[in-house]
Amino acid sequence: MRSVCIVLALVACPCHSRRVQNSAGQSGVRDWELKNLALHQGGELNDAELGMANLKMGMHDPALMSDIAQALRSSEGLAELVKMMANPSFRAEAKHLADHMREGGVMANFLAPHFYAQFTSTKQHALANSLLASNPTTASARTASSGRANAEMFFGGGKKPKARTVSGIDELIEFAENTPGPVQYWDPLKLSEQEFWGESNDATIGFLRHAEIKHGRVAMAGFVGYCLHENGIRWPFPLSTTLPDYSSFEGLSAPAVWDATPVAARLQIILVIGFFEFWGEWEGALAANGMTHHMRGGKPGQYPDFTFAPLPLFDPFGFTEDLDEEEKAKKRIREVQNGRLAMIGLFSLISEARVPGAVPALAGLIKPYDGEVMGPFSAADAGVLPGVATMVEGIKPLFPWLQ
């Protein structure tokens, strides 16, 4: 089906280009259309490559696609379409281009609008855009050569097939489309198109994917922990020397258990979490485990082992050593799915505790909590830790319910 769409698109766009050629002196003709047509007339683009170059730009221009659709409704447009489809040379060119795209791994996503979202600067990539699908036989034009260099990002370039090079957004979309469920690729805030902190788009996507996996893992542990604390399940030994038993926690909701935990214990937990964060980001620890940072092309979700520990952090007993890559990939997808569900589940518990009745399915099942769920310290800690009083007073204007 995708191949059929490609052929129809490649046929329609050159037909439109011929009408552009006949009306080049008129207003309303786009600059990139004239540039593509000039490259076609100079022998740098064949009919199929011209169609793909125009299709690529047309995805940014709904008016162009509307013009093409309107032209195909006319008898002249249909006749031109049939004539080009019957042309053996064009069929060969289209087949060669489709095969080249399939080898480069572009076939799956090139018709999706989000495939083109990464091309944010039309002026900067004007010539590269016109040559995105090209594999010309001549290399005399300097501008065409530079365009091909940029086009290789998706189509490989050159006469010999190259190893597939996938950009971050392509890999993200491919992963989303391979994930079971009713929602595939969904990014309403367009975060995957951003460039955080001046980094590249690929680095930003690596950060976002790693953050999702990490938050999913924390949420899975948090959901289980919430259920345990909410039901009064405790360790069989004292938490600390200052708490010989758990009587001070009786009847408290899970968030209130944190508030009732001694300040020294909470500080220890925060420091340990901070160390875990440092170790996972430290280039030295990553290099010692043969890893690359997730914003520099490394695998999102990876975590380096402690070089000073006798057993690895992940799978210390080797339960997954005999799994093939396909089974490991399935388990990674399940981890992401379970993490997403846990994030929703944990916040449903917190929401019901903070605002009783907010989650009808949990009404009456969760103990209420009137503290600040996002604050590690409360006003009760102001006399023990410096800065807490300032923090508590500073956030009150932002959160009216704390007044």
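Everything here concerns the structure above.
Residues numbered from 1 in each chain as written. Predicted model: local features only at pLDDT ≥ 70, side-chain atom pairs only at ≥ 80, totals over all residues. Heavy atoms only, no water.

A. Structural detail: the overall build of the chain. The helix and strand inventory of the chain stands at 15 helices and zero strands. Per-residue burial over the chain gives 36% buried out of 403 residues. The contacts in the chain between residues at least 6 apart in sequence include a share of 56% that link residues at least 24 apart. When the accessible area of the chain is evaluated, it comes to approximately 23,500 Å², of which 62% is carbon and sulfur surface. (Helix = DSSP H or I, 4+ residues; strand = E, 2+ residues; numbered from the N terminus. Buried < 20%, exposed > 50% of the residue type's maximum accessible area, 1.4 Å probe, protein only. Contact = heavy atoms within 4.5 Å. Areas by Shrake-Rupley, 256 points an atom, 1.4 Å probe, with all protein chains shown as cover.)

B. Main features of the pattern of salt bridges. Scanning the entire structure with this criterion turns up seven salt bridges. The salt bridge involving Arg-209 is made with Glu-171; its shortest N-O contact spans 3.6 Å. Note that Arg-209 is positioned in helix α10 (residues 201-230) and Glu-171 in helix α9 (residues 168-177), a separation of 38 residues in sequence. Arg-209 sits in the buried class, given a relative accessible area of 15%. The closest approach of N and O atoms between Glu-199 and Arg-296, which form a salt bridge, is 3.2 Å. Placement of the pair is Glu-199 in the loop between α9 and α10 and Arg-296 in the loop between α13 (283-288) and α14 (325-354), with a sequence separation of 97 residues. By relative accessible area, which is 48% here, Arg-296 ends up partly exposed. (Salt bridge = Lys/Arg side-chain N within 4 Å of Asp/Glu carboxyl O.)

C. Representation of the environment of Leu-239 within the structure. The residue Leu-239 is located in the loop between α10 and α11 (254-260) in this model. Expressed as a C-alpha distance, the spacing of Leu-239 and Pro-262, which sit 23 residues apart in the sequence, is 9.7 Å. Sequence-distant contacts of Leu-239, that is, excluding residues within four places in its chain, are made with Tyr-246, Phe-249 and Thr-261.

D. Looking closely at helix α5 (residues 75-85). Buried within α5 are the following residues: Gly-77, Leu-81 and Met-84. Projected down its long axis, α5 shows its buried positions confined to an angular sector of 70°, all on one face. Among the exposed residues of α5, those oriented more than 90 degrees off its buried face are Ser-75, Glu-76, Val-82 and Lys-83. (Arc of directions from axis to C-beta.)

E. Just the packing of aromatic side chains, in detail. In this structure the tally under the stated criterion is 15 aromatic pairs. Connected via pairs of aromatic rings, a cluster forms that spans Phe-275, Phe-276, Phe-278, Trp-279, Trp-282, Phe-306 and Phe-308. (Phe/Tyr/Trp six-rings, centres within 6.5 Å; stacked < 30°, edge-to-face > 60°.)

F. View of the nonpolar core. Grouped together as the largest cluster of nonpolar side chains are 13 residues, with contacts concentrated most on Tyr-226, Leu-346, Leu-349, Ala-353, Leu-362 and Ile-366. Elements supplying a minimum of two residues to this core: α10, α11 and α14. Of the residues forming this core, the biggest block, five residues, is contributed by α14. Not counting chain neighbours up to four residues away, the residues in contact with Leu-346 comprise Ala-219, Gly-222, Phe-223 and Tyr-226. (Core = buried A, V, L, I, M, F, W, Y, C linked by side-chain atoms within 4.5 Å.)

G. Structural view of the environment of Tyr-303. Summarising the element assignment, Tyr-303 is placed in the loop between α13 and α14. Setting aside anything within four residues of it in sequence, one finds Tyr-303 in contact with Phe-276, Trp-279, Gly-280, Met-291 and Leu-313.

H. Summary view of the environment of Asp-259. Checked against the element boundaries, Asp-259 lands in helix α11. Apart from the residues within four sequence positions on either side, Asp-259 is in contact with Arg-266 and Tyr-369.

I. Expanded view of a nonpolar patch on the surface. A contiguous nonpolar patch, built from Val-272, Phe-275, Phe-276, Phe-278, Trp-282 and Phe-308 and spanning about 610 Å² of accessible area, is present on the exposed surface. Within the secondary structure layout, Trp-282 lies in the loop between α12 (263-281) and α13. Taking the relative accessible area as the measure of exposure, Trp-282 reaches 41% and is therefore partly exposed. (Patch = residues over 30% accessible without salt bridge, like charges linked within 9 Å, V, L, I, M, F, W, Y side chains within 5 Å.)

J. Quick peek at unusual backbone geometry. Within the chain, Lys-190 stands out as a residue other than glycine whose phi angle is a positive 55°. Along the chain, the position of Lys-190 falls in the loop between α9 and α10. Its relative accessible area of 43% is what places Lys-190 among the partly exposed residues.

K. Summary view of the packing of α9 against α10. Remark: α9 packs on α10, axes separated minimally by 8 Å, with the N-to-C direction vectors making an angle of 35°. Between α9, through Gly-168, Ile-169, Glu-171, Leu-172 and Phe-175, and α10, the contact on the second element is made entirely by Asn-201, Asp-202, Ile-205 and Arg-209. Its residues assigned to classes, the contact of α9 with α10 shows four nonpolar, two polar and three charged. (Axes fitted to C-alpha atoms, helices over the stretch in contact; angles between N-to-C directions. Nonpolar A, V, L, I, M, F, W, Y, C, P; charged D, E, K, R; others polar.)

The values reported here are purely geometric and, on their own, carry no functional implication.
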